[in-house]
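# Coordinates in review
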Amino acid sequence: MLMPKKQALRFETCYQIALAIKDEVKDLEKAGINVIQVDGAALREALPLRKPEEAFCLNWAVDSFRITNFSVQDSTQIHTHIFYSNFNDIVHSINNMDADVITIGNSRSNEKLLIMYESRGMLLTLVILLNVEAKLNQG
């Protein structure tokens with residue numbers, strides 16, 4: 001697939017940033033830190049409007065995330081967090097990130113995320129960040 005110039009530049013930039021983060025992760029691990037949070041897996045924010053280009057963009061976003069922690073020891077946990085209101089169309093990409101712990105913001109979806117994972121038969125432990133302000137206002 002021939003990608004637009006803008007996408008090609010974004011693709012290359014993300015890989016370069018991922019390599020820089022990978023160096024930082026290795027330094028943290030060498031310093032004895034065995035729980036490392038890698039953020040910024042912006043899977044949905046930069047998706048192109050053209051559906052045929054979505055899969056390519058999701059793949060390089062996930063690949064970029066995986067580069068950041070590719071060479072960590074098995075004893076090192078990689079954590080990340082992502083926040084969206086609709087995960088259904090990108091759940092495969094979230095799973096492909098292969099993070100040890102993913103904290104997912106679910107405040108806008110009325111627990112649709114939990115229902116979606118359950119309906120797909122996925123066995124996951126999810127940490128759901130609730131919209132605390134909305135809960136406090138209700139009661």
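What counts and how
- Residues numbered from 1 in each chain as written.
- Predicted model: local features only at pLDDT ≥ 70, side-chain atom pairs only at ≥ 80, totals over all residues.
- Heavy atoms only, no water.
- Helix = DSSP H or I, 4+ residues; strand = E, 2+ residues; numbered from the N terminus.
- Areas by Shrake-Rupley, 256 points an atom, 1.4 Å probe, with all protein chains shown as cover.
- Expected span 1.5 Å × (residues − 1).
- Buried < 20%, exposed > 50% of the residue type's maximum accessible area, 1.4 Å probe, protein only.

## Points about the overall build of the chain
Regarding its fold elements, the chain presents 5 helices and 4 strands. Along the chain, helices and strands appear, N-terminal first, in the series α-β-α-β-α-β-α-β-α. On the chain, roughly 9,200 Å² of surface is accessible, and the fraction owed to carbon and sulfur atoms is 53%.

## Overview of helix 2 (residues 51–68)
Taking 1.5 Å per residue, 18 residues should reach 26 Å; helix 2 reaches 27 Å between its end C-alpha atoms and fits that length. Among all positions of helix 2, only Glu53, Glu54, Cys57, Leu58, Trp60, Ala61, Val62, Ser64, Phe65 and Thr68 are buried.

## Notes on unusual backbone geometry
Of note in this structure, Asp98 is not a glycine but carries a positive phi near 60°. Position of Asp98 among the secondary structure elements: in the loop between helix 3 (91–96) and strand 3 (101–105).

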